[in-house]
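Survey of secondary and tertiary structure
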2 protein chains.
Amino acid sequence: MARCSVCGAPAVAYIRYQKRYMCRDHYLEFVESKVERAILRHRLVRRGQRVLAAVSGGKDSSTLLAVLSRLSGKLGFELVALYIHLGIYDYSEKSREASLRLARQLNVPLIVFDLKEVLGAGIPELARASKRPPCSVCGMVKRYVINAAAVELAADAVALGHNADDIAVYNLKSFLNQDLEAISKLGVRTESIPGVAVGRIRPLYYVYEKESFLYSLLAGLPFLHEECPFVDRRQMEVELKETVNQLEDKRPGLKLQMVSKLAKRVEDYPKPGGSIGRCPSCGLLSSGGECSFCRVTRRALGRPMGPVVREWFRRRAEELGLGASRRSSLS
Amino acid sequence: MARCSVCGAPAVAYIRYQKRYMCRDHYLEFVESKVERAILRHRLVRRGQRVLAAVSGGKDSSTLLAVLSRLSGKLGFELVALYIHLGIYDYSEKSREASLRLARQLNVPLIVFDLKEVLGAGIPELARASKRPPCSVCGMVKRYVINAAAVELAADAVALGHNADDIAVYNLKSFLNQDLEAISKLGVRTESIPGVAVGRIRPLYYVYEKESFLYSLLAGLPFLHEECPFVDRRQMEVELKETVNQLEDKRPGLKLQMVSKLAKRVEDYPKPGGSIGRCPSCGLLSSGGECSFCRVTRRALGRPMGPVVREWFRRRAEELGLGASRRSSLS
């Protein structure tokens, strides 16, 4: 029987690219210290800051929240979680359940934003009304809602659950399209733009997908195994995931090298053009004119819903004693 | 039996990404017109210019020379071929034979530069004496000799036989290493630096490797099927070639898209640092101090051999009535 390379206890994990076996406890520590090193190396969060972690009920964001909640004491930051109920039938119900159980178990405050309740429409309805593919609408809506929440909650950073495999695959896809501007967004962090956008951080940047999966299993985290019913199994990402896995198979550690090298060079890629401005309807980030969220909701629902979303989070923040006004008076 | 999509004659080729069948004649025309369009689109060669085509005896440079010789009349440029005998045992003997037969068949003037004869050492000896891997020494030596020849022969461009697969694989390899400066060199052309370096052009940029292979077969070109004995089958390029082929298999035309997109974005990659200067020993391109060729030959053979190479080509050019001095007096 294989034994932990650290303590000699029975091993439950093998890290191929390090040729190390690990017991449960040392495995959890291995993932946590990876995340901690990423936070310190890239200064993702500083003492006294507030981090809003976006959770979906899936394995990656569950690992994200669990590791961040473990580190929040040691590194001295405040953690709040956000779950967005997208109104995607049974899938959304189950993922809300998982998120609620996770937050309860970790004792992290969780805000549940229900798209259908606040806007009167979920992703399927918005996609239909705007005649856009659901995955594209969903990505845009999530980005907007998360940013609006972070602004109203006076968060210093939004933590996203992208793991190393996600980054490697997006990177390869953007490379094949020679979309250098898309690659320029794949760093470990993006900067905040005061009052308009909160910077995003990716603490799981160096954590493999299967490492994240095993972490959530071994840490006993509640998470949803199901995939979103809209996921298209033929899509480019799925093929490229296979490609990256084949490369990793021949050269263990390749994904880690990919993301490590990318992190070092991401600033050298050309950034998207377009000015950084404020949406005239909601006041948040826009690259010119009304932001996509206000535009799409105006077309689908008759009026731009950015202000409604912001107002919802403003009230929620006040109720929780987390508001922007309260915070600035404290600091 | 499949028939040519153009004329209905029996087909010998199927272009999967275009879903077209072709007879021998229309296939040759297909490849030639691909090259012609690349030349015109990227202004690789202009009327009255002189092109030095580097040939190795392999399929790609044979296709290159044959297509360029067909187009030279129509587009009004002058064509000279260069073969470098690298002193790699039997392989070099055979590839010289193939190159000589090719040039004779196409009626293109060919200059044969024999490394061992001029320097007293071939690639194996230079590699041993300089303690560098043969493939690295060989690449450096070929780049130097080709450039020296082009300068002395007053060529306006050096034509290289890199096909779309080569470009796609180099590109993927450089991407995985995040070597953005290497990617910046993978365009369809590089510019000349007067007196110091002659720009390189890649007329086969949009031609698949198997298209080049089939062209050389159907056009009845002499070429060597063997590979260089130094080729390392485990090397990264070979794996990545497989990767690119798998992607192409699922998405016919992917390689063509890769190189087409790269050609459009190559200027947006950061260029290598270091100044553009002259080697103090030979006067040709150097990124600071003595050029690699003069440095390596100094160490291996006791003196920098750049000047010897230049002098050899200067004489050869005069004998052939192709010299720089003669040309500038004509123009």
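Keep in mind that what you see is a predicted model, and the values were worked out from it rather than measured. Numbering of residues starts from 1 in every chain and runs along the sequence as written. For this description, chains carry letters from A and ligands carry numbers from 1, given in the order in which they are written. Only residues with pLDDT of 70 or above have their local features reported here, since the model is predicted, and side-chain atom pairs are shown and tallied only from 80 upward, although totals for entire chains, interfaces and linings are computed over all residues. Hydrogens and waters are ignored; side-chain quantities use all the structure's heavy atoms.

**Description of the pattern of salt bridges**
Residues and elements named next belong to chain A. By convention in these notes, a salt bridge is any Lys or Arg side-chain nitrogen within 4 Å of a carboxyl oxygen on Asp or Glu. Enumeration according to the criterion identifies 56 salt bridges over all chains in this entry. Put simply, K241 and E209 hold a salt bridge, and the shortest N to O gap is 2.9 Å. Separated by 32 residues along the polypeptide, K241 in helix α10 (residues 236-250) and E209 in helix α9 (residues 209-218) bring together distant segments of the chain. Throughout, exposure labels follow a simple rule: accessible area from a 1.4 Å probe, protein chains only, divided by the maximum for the residue type, with under 20% read as buried, over 50% as exposed, and the rest as partly exposed. Taking relative accessible area as the criterion, K241 reaches 32% and is therefore assigned partly exposed. For E209, a relative accessible area of 17% gives the class buried. Residues participating in the shared-partner salt-bridge network are E152, R310, E311, R314 and R315. What counts as a helix is a DSSP run of H or I of at least four residues, what counts as a strand is a run of E of at least two, and both are numbered from the N terminus.

**A short note on the UniProt feature "binding site: Zn(2+) 2" (unreviewed entry) in chain A**
Residues and elements named next belong to chain A. UniProt positions are given in the numbering used here, feature names are shortened, and annotations may be inferred rather than shown by experiment. As annotated in UniProt, the feature "binding site: Zn(2+) 2" (unreviewed entry) corresponds to C279, C282, C291 and C294 in the numbering used here. Over a stretch of 16 residues, the named residues converge on one spot in the fold, their C-alpha atoms separated by at most 8.2 Å. Turning to its location among the elements, C282 is positioned in the loop between β8 (277-278) and β9 (285-286). Inspection of the secondary structure assignment puts C294 in helix α12 (residues 292-301). Judged by its relative accessible area of 0%, C294 is buried.

**Thoughts on the side chain of B:E248**
Residues and elements named next belong to chain B. Here E248 shows up in helix α10 (residues 236-250). The sign given to each residue is positive for Lys and Arg and negative for Asp and Glu; His and the chain ends receive no count. Despite its burial, E248 pairs with no opposite charge; the closest candidate is K255, at 5.0 Å N-O. In protein, a polar contact requires one atom able to donate a hydrogen and another able to accept it; more generally it is a pair of N or O atoms within 3.5 Å, and residues adjacent in sequence count only if both atoms are side-chain atoms. Here Y208 takes part through its side chain, which lies 2.9 Å from a polar atom of the side chain of E248. It only takes one pair of heavy atoms within 4.5 Å for two residues to be counted as in contact. When residues no more than four places from it in sequence are discounted, the contact partners of E248 are R16, Y17, Y208, G253, L254 and K255.

**Thoughts on the environment of A:Y89**
Along the chain, the position of A:Y89 falls in helix α3 (residues 89-106). Taking the C-alpha atoms as reference points, A:Y89 and A:E239, separated by 150 residues in sequence, lie 27 Å from one another.

**Comments concerning the sheet that holds strand β6 (residues 157-159) of chain A**
Residue and element names in this part refer to chain A. Any two strands with at least two DSSP bridges between them are considered paired. Taken in spatial order, the five strands line up as β5-β4-β3-β6-β7 in an open sheet, and their pairing is parallel. The two strands at the open ends of the sheet, each matched to only one other strand, are β5 (110-114) and β7 (200-201). Pairing between strand β4 (residues 78-85) and β5: five bridges, direction parallel. Bridge pairing in β5 links L82 to I111. In this analysis, axes come from line fits to C-alpha atoms, helices being fitted only over the stretch in contact, and the angle between any two N-to-C directions falls in the range 0 to 180 degrees. Contacting β4 and β5, helix α13 (residues 306-319) runs over the sheet at an angle of about 150 degrees to β5.

**Focus: the UniProt feature "binding site: ATP" (unreviewed entry) in chain A**
Residue and element names in this part refer to chain A. Mapped onto this numbering, the UniProt entry annotates "binding site: ATP" (unreviewed entry) at A54, V55, S56, D60, I84, G161 and D166. Within the fold, D60 resides in helix α2 (residues 59-75). Ignoring anything within four residues of it in the chain, the contact list for D60 reads G161, N163, D166, L204 and S212. Within the secondary structure, D166 sits in helix α7 (residues 164-176). Filtering out sequence-adjacent residues up to four positions away, D166 remains in contact with D60 and G161.

**Some points on the packing of helix α6 (residues 134-152) of chain B against helix α13 (residues 306-319) of chain B**
Residue and element names in this part refer to chain B. Two numbers describe how α6 lies on α13: the axes approach to 9 Å, and their chain directions differ by 40 degrees. Classified by the angle their axes make, α6 and α13 are oblique. The handedness of the crossing between α6 and α13 is right-handed. Here α6 contributes Y144, V145, A148, A149, V151 and E152 to the contact with α13, which in turn contributes G306, V309, R310, F313, R314 and A317. Here the nonpolar group is Ala, Val, Leu, Ile, Met, Phe, Trp, Tyr, Cys and Pro; Asp, Glu, Lys and Arg are the charged ones; every other residue, Gly included, is treated as polar. For the contact of α6 with α13, the per-class residue count stands at eight nonpolar, one polar and three charged. Throughout, the term roughly parallel applies to angles under 35 degrees, roughly antiparallel to angles over 145, roughly perpendicular to angles from 65 to 115, and oblique to all others. Helix crossings fall into two classes, left-handed where the near helix is turned counterclockwise from the far one by less than a right angle and right-handed where it is turned clockwise.

**Looking at α10(B)**
The end-to-end C-alpha distance of α10(B) is 22 Å, a good match for the 21 Å that 15 residues give at a rise of 1.5 Å each. Buried positions along α10(B) lie against α7, α10 and α11 (254-265) of chain A together with α7 (164-176) and α11 (254-265) of chain B. The span one expects for a helix is its residue count, reduced by one, times 1.5 Å.

**So, the nonpolar core**
Ranked by size, the top nonpolar core spans 131 residues in total, and within it A:Y27, A:L65, A:L68, B:Y27 and B:L68 carry the most contacts. Other than its neighbours up to four places away in sequence, B:L68 contacts B:I39, B:V51, B:A53, B:F77, B:L79, B:A159 and B:P203. Grouping buried Ala, Val, Leu, Ile, Met, Phe, Trp, Tyr and Cys residues that are joined through side-chain atoms within 4.5 Å yields what is termed a nonpolar core.

**Some words on the relation of the copies chain A and chain B**
Put simply, the second copy of the chain is the first one after a rotation about an axis and a shift along it. We superpose the copies by least squares over the C-alpha atoms of residues that have a pLDDT of at least 70 in both of them. In the superposition of chain A on chain B (RMSD 0.0 Å, axial shift 0.0 Å), the rotation amounts to 180 degrees. Look at the turn and shift together and you get a two-fold axis relating the two. Both copies share a contact surface, since 100% of the interface residues of chain A are interface residues in chain B too.

**Some thoughts on the pairing of β4(A)**
Within a regular beta strand, the side chains point alternately toward one face of the sheet and then the other, so they alternate between its two faces. Residues and elements named next belong to chain A. Most of β4 is tucked away, with seven of its eight residues classed as buried. Summarising the sheet, strand β3 (residues 50-55) and β4 pair through six bridges and their orientation is parallel. If you follow A53 over to β4, its bridge partner there is A81. Handedness of a crossover is defined as follows: orient the strands so they point away from the viewer, and if the path from the first strand over the helix to the second runs clockwise, the crossover is right-handed. Regarding the hand of the β-α-β motif, the stretch spanning β3, α2 and β4 is right-handed.

**Some remarks on the sheet that holds strand β6 (residues 157-159) of chain B**
All names here are of chain B. Pairing within the open sheet is parallel, and its five strands lie in the order β5-β4-β3-β6-β7. The sheet is open, and its two edges are formed by β5 (110-114) and β7 (200-201), each paired on a single side. The sheet strands contacting helix α2 (residues 59-75) are β3 (50-55), β4 (78-85) and β6, and the helix crosses β3 at an angle near 155 degrees. Across the face of the sheet, α13 comes into contact with β4 and β5 while running at roughly 150 degrees to β5.

**What about the interface of chain A and chain B?**
Listed per partner, the contact involves 27 residues of chain A and 27 residues of chain B. Together chain A and chain B conceal approximately 2500 Å² of surface at their shared face, both sides included; 56% is due to carbon and sulfur atoms. Accessible area that two parts lose when put together, evaluated with a 1.4 Å probe and summed over both, is termed the buried area. Among the residues of chain A in contact with chain B, A:F175, A:Q178 and A:R265 are the three that bury the most area, contributing 24% of the side total. Where chain A touches chain B, the interface holds six salt bridges. Here B:E242 makes a salt bridge to A:K250, at a shortest N to O gap of 3.3 Å.

**Comments concerning the packing of aromatic side chains**
Residue and element names in this part refer to chain A. For Phe, Tyr and Trp, rings pair up if their centres lie within 6.5 Å, where Trp contributes its six-membered ring, and each pair is then called stacked (planes under 30 degrees apart), edge-to-face (over 60) or tilted (otherwise). Enumeration according to the criterion identifies 22 aromatic pairs over all chains in this entry. Ring centres 4.5 Å apart and planes at 35 degrees place the aromatic pair Y14 and Y21 in the tilted group. What makes Y14 partly exposed here is its relative accessible area of 38%. Ring centres of F113 and W312 lie 5.1 Å apart, and the angle between their planes is 90 degrees; on these two criteria the pair is classed as edge-to-face. With F113 in strand β5 and W312 in helix α13, this pair connects stretches of sequence that are 199 residues apart.

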